[in-house]
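Structure assessment
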Amino acid sequence: MRAMRRWSAWALTLAACCAAASAPAATVVSAAQVHTLDPAQPRAQALVFDDAGKILAVGTRADLLHLYPNAKHIDFGQATLVPGLIDAHAHVFELGINQLQADLTGTRSKAEALQRLREFARTLPAGQWLVGHGWDQNDWPDARFPEAADLDAEFPERPVWLQRIDGHAGWANGAAMRAAGRELGGDWQPDGGRIVRDAKGRATGVFIDDAMALVERARPPLAPAAVEQALSLGMQAAARHGLTGVHDAGVDLDTLRAYQRLGDRGQLPLRITAFAAGDGDALESLCRDGLYQHPSGRLKMRTVKLYADGALGSRGAALLKDYSDERGNRGLLRMSPEAMARAIAKAKRCGVQVATHAIGDRGNREVLDLYAQALGDDAAGRDHRWRIEHAQILAPQDLPRLAALHAIASMQPTHATSDMPWAEDRLGPVRINGAYAWRQLRDSGARLALGSDFPVESVDPRLGLFAAATRTDAAGKPLGGWHPEEKLTAYEALRGFTLDAAYAGFAENDVGSLAVGKRADFVVFEQDPLAVEPQALRELTLLGTYVDGAPVWQRRASDR
């Protein structure tokens, strides 16, 4: 055995020497610690990559400098390298466009929200829609939904349309509702959505899930250049926070074309795994033309994103029993089981991965039932990697079904720490035990791909690492963590944002760990995320974000 090990080491050294001699150009990067996330070689001090960004070797600083004496050397000193962080569920366009709209995130009252809107409206031309995002009535003293009348007092003529923080509800004023061009009162409801009405059947101004389209269709469309600008802003923000990849959960064909144009101009700073938005034009394109990958290797689409239900914060998540804080309401299904079954069968025929948004316990059960029906005997034998996006609330008997179906739980740790002040009010003391159940799912054998759902939550993956490992808010409350039995270790959280996220996007042979033959996507932290206390994860100092070995963001010396 020892002789075999000596032979193996000699052979690797010889191979590395040959590669070094023939490599056209190489760069060695070294640091005090390199966490590779490669089980075969979990820790190192350095890696070397060629001018195309492909990793040639991983090892000690001394060995690689010896094997590649002519290579460029970048030494990060006492810093730590980890594989590039991948957000497994986010919304790039929305993150970018939000920078061009009124921001109501973090408002602590309706009055504060209205004040921000007044200030933003001063920058707008007369007659232009006032569009914003980020309000959350759960953070206000009066946790009831706001109304059109609140906006009409300030903006009687200018249309106003404001998306809730989770993107699953919108708040309109009278002018925006009139622009919808149809009667919004009465006792009818649109499929997959709900118009909130008063006791007299009049629309109050809040539209939930697919009802939002009634108002959104009346807004002037964005020019293609504006879509590209929003995508660029979103990607820049992601890179600035340490992300080298994003699974963009819901992209129509026009947005994919905008991504392609950016890719053709070399303006994709990170890797985008785009999901076709529902059973629409992008899925039709995948079925007609095949799975898509841009020549740059930084853009692909091979997944369709479907919607089972809405969100918990707006009481649109589909539950098996009534909401504990609203008797008679069990949420809603955004797609009927029949429509979901047709879309799932279509995706399977086309070889397209299925990723379905499911938050409530009924929503998750419907998806699990439909996946089991569609996959049949292929569930275990075929590398389908179908996903449940959020998998937020599961009945006890459904928790082990994801592992049995080889379905991936695509979850967002910061949802738990954002929702914990009110989630139990929605669900009660029993159902809450199956909510945000990262540990139960992971221990059952399900693979967890982690993300943020930005801009619903912050784009910063450090907050996700922190939330996963502590289940507390920024002040460390509640002491010991909210339902601490569901915590992940720092390593498990890091794996969820790297190797497991890569696996969920069929990319584990290229990214997710630092190993020979993979891409040199990595981030540099001043501290070691696997050595600090979990409470310190949110305070990690990011020094740089690198894709294909090139910096896409670097911390300036003046920022340190």
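Refer to the structure printed above.
Treat the numbers as computed from the prediction; the structure is a model and nothing was measured.

**Quick word on the layout of surface pockets**
Taken as a whole, the second largest pocket encloses approximately 990 Å³ of empty space. Lining the second largest pocket are 46 residues, and of these Ile-165, Ser-418, Val-456, Glu-457 and Ser-458 sit closest to its centre. Sorting the residues of the lining of the second largest pocket by element identifies helix H3 (92-98), strand S8 (130-135), helix H15 (413-419) and helix H18 (461-470) as the ones contributing at least two each. Per-element accounting of the lining of the second largest pocket gives the leading share, five residues, to H15. Here the lining of the second largest pocket is built from residues that sort into 16 nonpolar, 19 polar and eleven charged.

**Topic: helix H8 (residues 224-240)**
A rise of 1.5 Å per residue sets the reference length of H8, with its 17 residues, at 24 Å; its end C-alpha atoms lie 24 Å apart and thus fit the reference within 8%. Along H8, the residues that are buried comprise Ala-226, Val-227, Glu-228, Ala-230, Leu-231, Ser-232, Gly-234, Met-235, Ala-237, Ala-238 and Ala-239. Looking at the buried side of H8, the elements it contacts are H3, strand S13 (243-251), helix H9 (253-264), strand S14 (271-277), strand S22 (542-547) and strand S23 (550-554). Of the residues one or two after H8, Gly-242 is the one with positive phi, at around 100°.

**Quick word on the pattern of salt bridges**
Evaluated as defined, the whole model comprises 38 salt bridges. Measuring nitrogen to oxygen at the nearest pair gives 3.4 Å for the salt bridge that ties Arg-362 to Glu-366. Placement of the pair is Arg-362 and Glu-366 together in helix H12 (residues 361-375), with a separation of four residues, close to one helical turn. Glu-539 is the salt-bridge partner of Arg-538, the closest N and O atoms lying 3.7 Å from each other. In this structure, a network of salt bridges that share partners links the residues Arg-271, Arg-298, Arg-519, Asp-521 and Asp-548.

**Section: the environment of Leu-448**
With respect to the helices, strands and loops of the structure, Leu-448 is situated in strand S20 (residues 448-450). A residue is classified by how much of its surface remains accessible, and Leu-448, at 4% relative accessible area, is buried. Once the C-alpha coordinates of Leu-448 and Val-28 are considered, the two residues, 420 residues apart in sequence, prove to be 32 Å apart. When neighbours within four sequence positions are excluded, Leu-448 is seen to be in contact with Ala-409, Met-411, Trp-438, Leu-441, Arg-442, Leu-488, Gly-496 and Asp-500.

**Description of the environment of Ala-416**
Along the chain, Ala-416 falls in helix H15. Overall, Ala-416 belongs to the buried group, its relative accessible area being 1%. Spatially, the C-alpha atoms of Ala-416 and Ala-435 are 8.5 Å apart, while their sequence positions differ by 19 residues. The residues contacting Ala-416, other than those within four sequence positions of it, are Tyr-436, Trp-438 and Trp-482.

**Quick notes on unusual backbone geometry**
Note: most residues except glycine have negative phi, and most peptide bonds are trans. The peptide bond linking Phe-454 to Pro-455 adopts the cis configuration, its omega dihedral lying at 5°. Mapped onto the elements, Pro-455 comes out in the loop between S20 and H18. Here the bond from Lys-477 into Pro-478 is cis, since omega is -5°, no more than 30 degrees from zero. Among the secondary structure elements, Pro-478 is positioned in the loop between H18 and helix H19 (490-496). Even without being glycine, His-390 reaches a positive phi, approximately 95°. Within the secondary structure layout, His-390 lies in strand S18 (residues 387-390). By relative accessible area, His-390 is classed as buried at 3%. One non-glycine residue, His-406, lies in positive phi territory at about 55°.

**A few points about the sheet that holds S8**
The strand order across the open sheet built from six strands is S7-S8-S9-S10-S12-S11, with neighbouring strands paired in mixed fashion. In the strand order of this sheet, the two ends are held by strand S7 (102-103) and strand S11 (193-197), each with one partner. Sheet analysis places S8 next to strand S9 (residues 160-164), joined by five bridges and oriented parallel. Following the sheet pairing, Trp-135 is matched in S9 by Arg-164.

Criteria and thresholds
- Residues numbered from 1 in each chain as written.
- Predicted model: local features only at pLDDT ≥ 70, side-chain atom pairs only at ≥ 80, totals over all residues.
- Heavy atoms only, no water.
- 1 Å grid on protein atoms, 1.4 Å probe; cavity = no way out; pocket = protein on both sides within 12 Å on 5 of 7 lines; lining within 4 Å.
- Points joined across faces, edges and corners; volume = space filled by probe spheres on them.
- Helix = DSSP H or I, 4+ residues; strand = E, 2+ residues; numbered from the N terminus.
- Nonpolar A, V, L, I, M, F, W, Y, C, P; charged D, E, K, R; others polar.
- Expected span 1.5 Å × (residues − 1).
- Buried < 20%, exposed > 50% of the residue type's maximum accessible area, 1.4 Å probe, protein only.
- Contact = heavy atoms within 4.5 Å.
- Salt bridge = Lys/Arg side-chain N within 4 Å of Asp/Glu carboxyl O.
- Pairing = 2+ DSSP bridges.

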